[in-house]
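Understanding the architecture of this molecule
The primary structure of each chain is shown beneath.
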Amino acid sequence: MNGRSWKIVLVASLVLNVFLLGAIVGAAYQWFAAKGASNAVLAQQHTALRFAAETLPAERQKAFIDGLKNARREGRQFVREGREGRHDVLRLLAAPQFDRAALDAALARTREADSSLRAQVEGSVADFAATLSPEERVKFADSLKLRGQWREPQPVANPARPPQSTAPKAAATDSSSESSGE
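Our subject in this report is the structure included herewith. (Residues numbered from 1 in each chain as written. Predicted model: local features only at pLDDT ≥ 70, side-chain atom pairs only at ≥ 80, totals over all residues. Heavy atoms only, no water.)

1. Details of the packing of aromatic side chains
- By the definition in use, this model includes four aromatic pairs.
- For the pair Trp 31 and Phe 32, a centre-to-centre distance of 4.8 Å together with 70 degrees between the ring planes defines the contact as edge-to-face. You'll find Trp 31 and Phe 32 in the same group, each marked exposed.
- Ring geometry for Phe 128 and Phe 140: centres 5.1 Å apart, planes at 70 degrees, overall edge-to-face. Highlighted residues: Phe 128 in helix α4 (residues 100-130) and Phe 140 in helix α5 (residues 134-144), separated in sequence by twelve residues. Of the two residues, Phe 128 and Phe 140, neither departs from the other in class, the shared state being buried.
- A network of ring pairs unites the aromatic residues Phe 64, Phe 128 and Phe 140 as a single cluster. (Phe/Tyr/Trp six-rings, centres within 6.5 Å; stacked < 30°, edge-to-face > 60°. Buried < 20%, exposed > 50% of the residue type's maximum accessible area, 1.4 Å probe, protein only. Helix = DSSP H or I, 4+ residues; strand = E, 2+ residues; numbered from the N terminus.)

2. With respect to the pattern of salt bridges
- Enumeration according to the criterion identifies eight salt bridges in this entry.
- One salt bridge in this structure joins Asp 114 and Arg 86, with 3.0 Å as the shortest N-O distance. Of the two residues, Asp 114 is situated in helix α4 and Arg 86 in helix α3 (residues 76-94); the sequence distance between them amounts to 28 residues.
- Overall, Asp 114 belongs to the partly exposed group, its relative accessible area being 33%. (Salt bridge = Lys/Arg side-chain N within 4 Å of Asp/Glu carboxyl O.)

Printed below as a string of structure tokens:
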């Protein structure tokens, strides 16, 4: 081979290597992105109410899930009414003539259906809790803090804002030092 042929082979090899390196980096990025997304989906899924009994024994978990399924099955009519109400609300909002009375009535029907379904599900949760021992109820309540409509927001520390000392704390330390005879 002459010098020109070697240069062509070298450039072609360099282009191929850059292409392969890009493909490997791109595939790794896609894999890590998909893995992170699936972890986020799993974390979100475990905040659903049906996971509230996961700290309890398997037979209790099954009883809870069965109770939720039954409550939702019995509440299908409320789900349908809520869906129809939301469609009515959207239709009324988009109508050429705004009819406030009809919109208020559709909103009230939707709210009533949603409230009835929620009452059905909450009743099922209360019925299940009545079957638990006091220790199991504590575990269940702690789990409910993380899931369902009883979730409590997790405290978020704000590093940009340092804790502020307040006058009542200073007064409390003064009064405690007086009572201890210092």
